[in-house]
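# Structural overview for review
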Amino acid sequence: MADPQFDRVGIWNWEREDIADEVRYAQYAESKGLDSVWQGESRLVRDAMTVMGAYTQVTDKIDIAPGVTNCYTRNVALMAQTFSTLDELSGGRMKLGIGAWWDPLASKVGIDRQRPLRRMWEYCTVVRKLFDLENVTYEGQTLSVEDIELDLVRSNASPRDVPIYIGATGPTMHKLTGELVGNGIAGGVFMNYLIPPEHNELGMQKLKEGVEKQGGTIENVDRPQLIAVSMDEDRQRAIDQARGLVTQYIGQQPHIKKGSGIDPELGEQVEEELGSWPATAEDIERASALVDDEIVTNVVAAGTPEDVVSRVQDYCDAGCTEPVLYSLGDNVEEVIDVFAEFNSK
């Protein structure tokens, strides 16, 4: 295999049994020259803001971001306030990764996700204005604020240079992201995982349409991507390790089922076998029998270290500018070591 080179590499932390391990992995990634650590915040597990606050105190150089938080549970003022604080704590290393969340979790906590695209546009617009220290009055279709601004009288009163990254899976969110970048509101997209590299091609097309509509170019759109990694010298063991996660997402997150490339009828069967959300371990094991090796390796970089690096390169060839690696096994440091070798900086 010809040696690939990655301009930037990040890691994604989420739901390790011991939270201290997540802090340690952030430190280790920095020590190996990686560029970013992204903290997952999806189910009601750990609050990303708290964990990222810890990262700011034990690292010095690595960029820090949620991958991704959502545009519903924290109002715009609180989100701007939180990232203003994290920006100070980190010495200007924060990014704001934000998405439109998903059902059924949103509905279970009383959130109606009608018009998520409009919500994302309005939410990011207001947060950007607050980061720029503007006084904001805004009357939108999904939110409204009156006469608010970051109150930085006794702290550093400089604008907060926190780039916004839109978590996107479907084509319409990619196009919206391009428009937000073209308007100077967002800095890029955070492309989703558990989709094949070929899915990026449609995303790239829509990003290009959106950013060019606002007078920009695709080069203006930064494109980090979350990529699930299952690495083992035993290729089959690596694939088997990833099967349960793939089964869960195909069966219980409609946007992943659609983007994964799985046969729609088979996807419906997986969903039926999983039953109600959240699925039990027994449900997942039963439904996993429907998910063969080819489905797993289509959406996860799974196999030997050589297999994994090659598959991650496929995502970069399809438009990703920074692979953000989520190790499904406990060998996180090994994954970091392997990719540090190919980090071109």
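### Quick look at unusual backbone geometry
- Looking along the chain, the bond that leaves Gly67 and enters Val68 is cis, with omega of -5°.
- Within the secondary structure, Val68 is located in the loop between strand 3 (63–66) and strand 4 (69–70).
- The phi angle at Arg115 is positive, at roughly 55°, despite the residue not being glycine.
- Along the chain, the position of Arg115 falls in the loop between helix 4 (105–108) and helix 5 (116–131).
- You can call Arg115 partly exposed: its relative accessible area is 48%.
- For Leu194, which is not glycine, the phi torsion reads 60° and is therefore positive.
- Along the polypeptide, Leu194 turns up in the loop between strand 9 (188–191) and helix 7 (197–213).

### Observations regarding the environment of Glu285
- Of note, Glu285 is situated in helix 11 (residues 281–288).
- The sequence separation of Glu285 and Ile111 amounts to 174 residues, and the corresponding C-alpha distance is 31 Å.

### Some points on the pairing of strand 6 (residues 136–139)
- The alternating pattern of strand 6 places Val136 and Tyr138 on a buried face, while none of Thr137 and Glu139, on the opposite face, is buried.
- Sheet topology note: the strand 6/strand 7 (residues 144–148) ladder contains 3 bridges and is antiparallel. Among the inter-strand pairings, Val136 is bridged to a residue of strand 7, identified as Ile148.
- Between strand 6 and strand 7, which pair antiparallel in sequence order, lie 4 residues.

Rules of the game
- Residues numbered from 1 in each chain as written.
- Predicted model: local features only at pLDDT ≥ 70, side-chain atom pairs only at ≥ 80, totals over all residues.
- Heavy atoms only, no water.
- Helix = DSSP H or I, 4+ residues; strand = E, 2+ residues; numbered from the N terminus.
- Buried < 20%, exposed > 50% of the residue type's maximum accessible area, 1.4 Å probe, protein only.
- Pairing = 2+ DSSP bridges.

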